[in-house]
Amino acid sequence: MSSFKPAARHKAKGLKSNTPPRTKEPEEDPTLSRGVNILQSLYRSKKLYPERLHRHNIAERLMFESKVVFGTARLINQILVFTFFLSALRLSSDEVTKRGIYQNLDLSFDFEALRGVPSLAYFVQETLPSISAKSKEFFPLSSQFFDAGVHGSLLIWDEITSFSVPMPGPEMSLKSAHFSFVAWVKTSQEFSQGYIFRKRPISRDEELTCWGWYLHAIDGPSFIYAGHDHFPTSTTSSKQISLGLKGENPVKPDEFSMLSIVVSPTEVRFFQNDRLSGTITLPRPVTDCFNNGQGLWLGDSGLELGLVRYFPIELSASLIEELMVSGDLLSDIATGSKPRVQVDNEIQSVGRSISEQVNVVSRGVEARHQEETLTGVLKEVAEHETRQFLNPPFPKYPNAKVGDQKYGGEMKDIDDEELDRPYYLLFRGPEILSTTSDEDARNMTQWPRFFGTGATFTFWYRHVDCPVASCGVFLFTAEDPIRPAGEQRCWSLWLENNAIWFDNGKDYQYPKDFVPDNFELNGGSTWRHLALVLDENTDEAKFYMDGIRAWTGDWKGIEGKGRSVKTSDCVGENKFMTIGRSSPGYTYGRPVGLHDLRLYKHLKGGKGPLTDEEIYKIFRQDTSLRFPTNSLPPAEKCATSRDDSFSDKEWVDPFGHECDWYREQSRGGRPAVCAHPIAAERCPIGCKTRLECFNKDDFDVSFIYDRIRRIESFGTNGTICLGTDEDKDTVVENCRKYVVSNRGEDGETTDPKARMWIETKDNAKTKRIDMEVCDDLERAIDIGCSFNSTIIEEWTRKVKAGGGDWTIAFWMKPDGFGALHEGRFFPHLNFYSSLSPPQHNLAIGLFENPNGEAQYFSSCGEGEFVMQNVELKAASNDGWTFVAVQRTNATVPRDISVMTDFGRWREGSNYEQCLYDETAFFRMLEFNYPVLVSPIMLSSKAIPFSKLQETYYDAVEWMPEKAGPLGRAPTTVKEDEGEGLRVEKKDFPEQSSLVAPPIIFQTVHEKADVCKFSYSETFIKQTHDRMLKLKCASPFECDEALVESSHEVLNCPGDLKEEGRVFGRDPIVVDGQTGYADLLYSVVDNGYLFRDGQLMQTEEFLSSNTGIARIILVFYTPKYGITSVLTVLADFQDPTGAKTEVVLQHYEVVEGDQLRVYMVVQIIVLVSIAIMIFDIIVNVKYLIVSWYRKQDDFDMGAEAGEVMKQVMDITIALMVIVYIFWRIPSQLSSAEDTRDIVGRMADIPWSDTAIPADEKTANFFGYVTDLMGLIDNDAFLNSFCNVVLVLSLLRLIKCTSMHPRLALLEGTIIKAWDDLWHAALLILLLMGVFAGIATWRFGSEREDFSDFERSMQTQFEMTFGEFPDGWMQNSDMQVYTVFYFMIVFLLVQNFLLAVVVEAYMAVRRDNEALETEQEFLVDIYSSLHSHLKGFREGWPTPHQLGVVIEGWKAKNSVGFYELKETKMFRSPESIGKFLKFYKHYDFLSPTKIGLYGAEKTDPEEKRAQELELRLPPRRGGAP
């Protein structure tokens, strides 16, 4: 039975024995038992387990293995912490992508150049524009990538320019019915009026404008347009449309204002700055014109213009405010968009120049031709007048007698069935009332009186030829000498060009402009019939012209205080009436003519005042029947419009001119041409040689279309225009139903209602739309040329009410070669009342007649149809042709006539007019060729030919200048929205995109009242005084603020400004600094901004009072979910002028699988930290226990390293835990935070005009501040993490001390620590001294020595051999560099190297002295193997056993017996296995003790030892 007792920790637990219980044996003798044990131990030690191990080495090895195992565990754990911690960082931070973002932004913005900004001026003039331009390339919605071309917003004129004459600008076109123009405008004191800009059509008329913005110094702005397609449809005739405010808001001279004009299809609005000046309704929408690349003309004398911009939208008041405050629309700023700079390229400029020269030459040739032909005509006129002078004709009308003349006539009782009214013939005539004076006045005495009743005067009259605006004459003046002075005049009648005057001795009437200009008494050779009715019943005066009452008024005068009609006449015996009295200042030039002056005396109790009908009958009577010797030729009397002779005849003079040329020249200041004998006869309307009699004809004209329209060919054979009550889909559907129900077996239509249309279509020699081919019909319908059906229906009702008379007239012009048929143009226009069945009441086109014809259709019975055709005259192949179709139906004989230009064909028509649709003459129009067509005139009366000729003449002068609109312009808002402006999407090449526009933030210093240096304040005051004397003295004048404050000239910076507004902005806080932010694009891209009620120059945003300026750009990279903030920081208070930094920060999104993996990795890190904490607890406990056990002998110095290690481990563990639990919430919310902040930035409603601009910008600045807060928090965590990683690195280095072969770095540092510390002190001392010297000597000239910190950085680089640039150019620099190189680089650096090498060699010697260590991996394997085997065999822990063995100082070796005495092994067998396991290590073999002590193992050393011991000492003594 063994007496061996294993260690308590190795006792078997829960083992059951199969041996039956023994009976209790008698107790053994303790002494005997102890002896037996000793004998057993000796036996085992000598026989069974004779192995012995080197005592010191086994102790050292055991403790080494324990250190290796636990050190390896710590190292692996630290590696795991480091690895997974870095993995988590890698998962949450994609450094490769960040580097790519950095490189991309660096490539675009050139960070190196940004860091090298030398001054504030350079920053403002170069850096800011560069950043602004480059940043726009990072907006995916920028106009660079969504290009609307010339149809989008345009910058027409950029720089502020003073104009002396209009200058050519770029070419542009309007493609939207909604558009706006904005311009900065300043006028001089001398400016009167002129165009801001305009687009001119191709025209000889310099005044015509397609569209333009006009400015009047007093009236203000106006919008002028339609010079290319305006067609007057009202009584007011004009070449174009001009709409202005008429002085409601004039522009102040010498002061910049932002003017805006906003145009929609219905109105135009004018703005001055941010205030609406007024709104004017547009009579019709605006269209564009083709001007052959001539572009715009900008400016005029006295105007300054800049930033002239076009927007294809209606700008609201809030958008205009955005333009004023921010310089651009916030929606454009938010997407990095800018109006396209519209400039001419070189080819366009050359083409414009050539075109201008060609136009000048053409106009010169045309003017020369005109002068030549005009000279020929005037020569014929002169020859005619010469013949008249040499052979004067007998005077046609004699001069009337002068002097007193007694009336001796009696009342004429004319036997007239139409008018049974006797009268007195006071003056026969026709005679000329020559100029008279008071001495030979033409006075008539004893003329019939009408006192007590009324009277009517009728006469033929020819007015004086008037060279001025208006001329007049007292035709009749009745006076009674017996009346009191001042009341001798009984009554009078004064005639003037555009007025009449009459008085009754006490009061008067003086009506003016009561008839249109063309009916005024304009002189010449035309006689006019006038009448004055003095109505005694109503005391009214009635004035008639050409048988028509022209004016009615109170005979008693304006105030009604005059005599009545019955008491007005003279009653005295000496009364007289002066006829044609001439008083000074009343008559000019040729005297007037008078004929057939009658006095109709109203009979008491008989016939009273003459009626309107009676006056008209007198006018229509043929005077030649009464006075055959003194009659007025009909050609000299005014003519009625329905007189067929009153029209211009088709005639061509020898020079190729027709009547329209004579009319044009006469109106253009050359009336002499109409003295041509034949022209005066053949062109009575064109030359005005015969005037039209006064009439009140109202031809009740209406129009469809409000302007000249361009009709394009929608279908193969033409275009269908529908009335507004027709729907395209319904028309097509009805067509399909009609075709199905009315088509016979042969495929032909069986409906008799379509018979006339079929015949017309079959007889047409040009193309026609087949209304029964519904697909063709659908393609041909153009909803853009629709017309108002209500106008047609109303006109049709009037036609029927008036008996069926009507007139349709229009101008038409071919639109290109596609409008010609066999080289000729034939007007084609068909008026349909229905398309299913197809029925038209009027068709104009090429049928039987060679020049085309108008076919009129009537259907007065069931199945009865008649057609009348009238030939047209030849139409122009390249110009405008006037076409008028007239129907007379109310009177017999009925007829239909067609007028082409001023020529007419006419044919009788014996049948009545019956319409297919009694409610509308037409509901659809068919155009068979692409044409330009004027508004179509409709009249419910048969307009006389003379009136149609006047209509033709009124337009023929300017119609050639009407080139029509450029393409189809939308007519309604809905149509415009339906068409849209095409935008070209270009590829966006960048990975990162700007989320919002860049911000520029600045801190501003107050202007200090007191400077740091006393003389500085004096110098500022002296400079201000010199300014007042040299710069602001008379005649010059400076601003009041500049004069009153010296700090406006120069100042010293004071405290930072934290209150009040700067450049129209309130202060905000960014990165802990209070300052003022603005949109970079607003500041850079605009010269002026309007804020706080005043105009501000953007170049003054950054000033000498600016402290720090930041440019902040926020990017987002969708592919990687990274939000990046690029900050350019410039410090302008730096003594060197400017100090610029570029910082790129990122905020990343972690979500999805990446977030899940991140959380797993962080959990692993926390597990590793938990293991680390457990190890810390164990070690700390050990230290505490050791200290407690050895309080007196505890070596704190020896254990200081272990204590510091545990402190570091605790710090690292706590920091990692804090970081992880701080970082995880931010990572979990990163996606939501990005979505919230960046999403809110992207979703700012920049284009929402309901939200004020200040609110949108304030929200934007707030979002940027929130994002910067997130990034700052992220940056702090990254800095914290960096500290954690550095400490972890140090711990990792410390963990390498677990094996001597890995502990080289730690050992070297520890051994060299003292020398390194003192060497560092020496180096810092030397470098500090050198830095101080360099800063003092070279800091004023060199950037690399500008301050102490920068000098230390430069010297650090010099330590590694980097010499300063240009150090050889300065002798002092040479001395400094060489001296520094010799002391620091050569000596101190080598000292430092020697310290490190010496420490390393010491560590290596220590490692070489170790006998128990092996190669690193071998030791790890052996140590782990020994620990596992020991655990299995029941060995004690190596460290505990090693401590025990190390305590046996007296023993050389240990064996079974010694180990058994430790009682730490489980069994004797485990001791034996322990000895056998370690026996294979050579360094554990015990040292043999010989005669001479410990024997040397090396043979050489052993032999030397023996010799040394055997040789006797030199001074005697045996060995």
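Residues numbered from 1 in each chain as written. Predicted model: local features only at pLDDT ≥ 70, side-chain atom pairs only at ≥ 80, totals over all residues. Heavy atoms only, no water.

### Digging into the overall build of the chain
Here is step 1 of the chain: Helix and strand content of the chain: 32 helices and 59 strands.
Here is step 2 of the chain: For the chain, buried positions account for 49% of its 1519 residues.
Here is step 3 of the chain: Taking all contacts inside the chain whose residues are at least 6 apart in sequence as the whole, residues at least 24 apart take part in 74%. (Helix = DSSP H or I, 4+ residues; strand = E, 2+ residues; numbered from the N terminus. Buried < 20%, exposed > 50% of the residue type's maximum accessible area, 1.4 Å probe, protein only. Contact = heavy atoms within 4.5 Å.)

### Digging into helix α9 (residues 612-620)
Here is step 1 of the chain: Burial in α9 covers these residues: Glu614, Ile615, Ile618 and Phe619. The buried side chains of α9 occupy one side of the element, clustering within an arc of 145 degrees when seen end-on. (Arc of directions from axis to C-beta.)

### Brief notes about the state of the cysteines
Two cysteines joined by a covalent bond between their sulfur atoms form a disulfide.
Here is step 1 of the chain: Counted under the stated rule, the structure contains nine disulfides.
Here is step 2 of the chain: Paired by a disulfide, cysteine 1032 and cysteine 1038 hold their sulfur atoms 1.9 Å apart. Between cysteine 1032 and cysteine 1038, the S-S torsion sits near -90 degrees, and that sign places the bridge as left-handed. (Disulfide = S-S within 2.5 Å.)

### Focus on the packing of aromatic side chains
Here is step 1 of the chain: Tallying each qualifying case throughout the model produces 74 aromatic pairs.
Here is step 2 of the chain: With 5.1 Å between their ring centres and 5 degrees between their planes, phenylalanine 502 and tryptophan 555 make a pair best called stacked. Here tryptophan 555 lies in the loop between β29 (548-554) and β30 (576-581) and phenylalanine 502 lies in strand β25 (residues 499-503), a separation of 53 residues in the sequence. Just as phenylalanine 502 is buried, tryptophan 555 falls in that class too.
Here is step 3 of the chain: On the numbers, 6.0 Å between centres and 50 degrees between planes, the contact of phenylalanine 882 with tyrosine 952 is tilted. Of this pair, phenylalanine 882 sits in strand β40 (residues 881-888) while tyrosine 952 sits in helix α16 (residues 945-956), and the two are 70 residues apart along the sequence.
Here is step 4 of the chain: Here tyrosine 952 falls in the buried class, since its relative accessible area comes to 4%.
Here is step 5 of the chain: The rings of Tyr705, Phe787, Trp795, Trp806, Phe831, Tyr856, Phe921 and Phe922 are connected pair by pair, giving a single aromatic cluster.
Here is step 6 of the chain: Here arginine 61 stacks its cationic end above the ring of tyrosine 1481, 4.9 Å away from the centre of that ring. (Phe/Tyr/Trp six-rings, centres within 6.5 Å; stacked < 30°, edge-to-face > 60°. Lys NZ or Arg CZ within 6 Å of the ring centre and 35° of its normal.)

### Some details on a nonpolar patch on the surface
Here is step 1 of the chain: A contiguous nonpolar patch, built from Leu1322, Val1378, Met1382, Leu1386, Leu1387 and Phe1391 and spanning about 530 Å² of accessible area, is present on the exposed surface.
Here is step 2 of the chain: The element best represented in the nonpolar patch is helix α27 (residues 1371-1409), accounting for five residues.
Here is step 3 of the chain: Topologically, methionine 1382 is positioned in helix α27.
Here is step 4 of the chain: Judged by relative accessible area, which is 44%, methionine 1382 ranks as partly exposed. (Patch = residues over 30% accessible without salt bridge, like charges linked within 9 Å, V, L, I, M, F, W, Y side chains within 5 Å. Areas by Shrake-Rupley, 256 points an atom, 1.4 Å probe, with all protein chains shown as cover. Salt bridge = Lys/Arg side-chain N within 4 Å of Asp/Glu carboxyl O.)

### With respect to the pattern of salt bridges
Here is step 1 of the chain: What the rule picks out here adds up to 65 salt bridges.
Here is step 2 of the chain: The residue glutamate 793 makes a salt bridge to arginine 923 at a minimum N-O spacing of 3.1 Å. Residue glutamate 793 is located in helix α15 (residues 789-801), and its partner arginine 923 is located in the loop between β42 (903-908) and β43 (924-927); the two are separated by 130 residues in the primary sequence.
Here is step 3 of the chain: Glutamate 1306 is the partner of lysine 1294 in a salt bridge, and the nearest nitrogen-oxygen pair spans 2.8 Å. One end of the pair, lysine 1294, is in helix α24 (residues 1253-1295); the other, glutamate 1306, is in helix α25 (residues 1304-1338), with twelve residues separating them in the sequence.

### Description of the pairing of strand β55 (residues 1122-1131)
Side chains on a regular strand alternate between the two faces of the sheet.
Here is step 1 of the chain: For β55, the tally of buried residues reaches nine of ten residues, placing the bulk of the element in the interior.
Here is step 2 of the chain: Here ten bridges tie strand β54 (residues 1106-1117) to β55, and the two strands are oriented antiparallel to one another. When the sheet's bridge partners are listed, valine 1114 is paired in β55 with valine 1125.
Here is step 3 of the chain: Hairpin connection between β54 and β55: a loop of four residues separates the two successive antiparallel strands, and glycine 1121 in this loop has a positive phi of roughly 65 degrees.
Here is step 4 of the chain: Across ten bridges, the pairing between β55 and strand β56 (residues 1139-1148) is antiparallel. Following the sheet pairing, threonine 1123 is matched in β56 by tyrosine 1147. (Pairing = 2+ DSSP bridges.)

### Quick word on the environment of lysine 1449
Here is step 1 of the chain: Among the structural elements, lysine 1449 can be located in the loop between α29 (1438-1446) and β57 (1453-1454).
Here is step 2 of the chain: Residues lysine 1449 and arginine 55, spaced 1394 residues apart in sequence, show a C-alpha to C-alpha distance of 8.4 Å.
Here is step 3 of the chain: Of the polar contacts made by the side chain of lysine 1449, one reaches the side chain of glutamate 1446; its length is 3.1 Å. (Polar contact = N/O pair within 3.5 Å; in protein donor to acceptor, adjacent residues only side chain to side chain.)

### Notes on the packing of helix α10 (residues 659-667) against α16
Here is step 1 of the chain: The N-to-C vectors of α10 and α16 enclose an angle of 60 degrees; their axes lie 10 Å apart at closest approach. As the angle between them shows, α10 and α16 are arranged oblique. In the packing of α10 onto α16, the handedness of the crossing is right-handed. Of α16, the residues touching α10 (which contributes Cys659, Asp660, Arg663 and Arg667) are Tyr952, Tyr953, Asp954 and Val956.
Here is step 2 of the chain: For the contact of α10 with α16, a count of residues per class yields four nonpolar, no polar and four charged. (Axes fitted to C-alpha atoms, helices over the stretch in contact; angles between N-to-C directions. Parallel < 35°, antiparallel > 145°, perpendicular 65-115°, else oblique. Left-handed = near helix turned anticlockwise from the far one by under 90°. Nonpolar A, V, L, I, M, F, W, Y, C, P; charged D, E, K, R; others polar.)

### With respect to a negative patch on the surface
Here is step 1 of the chain: On the surface, Glu1037, Asp1039, Glu1040 and Glu1044 cluster together into a negatively charged patch.
Here is step 2 of the chain: Tracing the sequence through the fold places aspartate 1039 in the loop between α18 (1014-1030) and α19 (1040-1044). (Lys, Arg positive; Asp, Glu negative; His and termini not counted. Charge placed at Lys NZ, Arg CZ, Asp CG, Glu CD.)

### Quick notes on the packing of helix α2 (residues 55-92) against helix α28 (residues 1416-1433)
Here is step 1 of the chain: At a minimum axis separation of 9 Å, α2 and α28 run at an interaxial angle of 100 degrees. The angle between the axes of α2 and α28 places the two elements in the roughly perpendicular class. Between α2 and α28, the contacting residues are Arg61, Phe64, Glu65, Ser66, Val68, Val69 and Thr72 on the first element and Asp1419, Ile1420, Ser1422, Ser1423, Leu1424, Ser1426 and His1427 on the second.

### Quick look at the nonpolar core
Here is step 1 of the chain: Ranked by size, the top nonpolar core spans 63 residues in total, and within it Phe109, Phe123, Ile1111, Met1241 and Phe1260 carry the most contacts.
Here is step 2 of the chain: Counting residues per element, this core draws most heavily on α24, which supplies eight residues.
Here is step 3 of the chain: In this structure isoleucine 1111 touches Phe123, Leu128, Ile131, Ile999, Ile1000, Leu1080, Leu1126, Thr1127 and Val1128, once residues within four positions along its chain are discounted. (Core = buried A, V, L, I, M, F, W, Y, C linked by side-chain atoms within 4.5 Å.)

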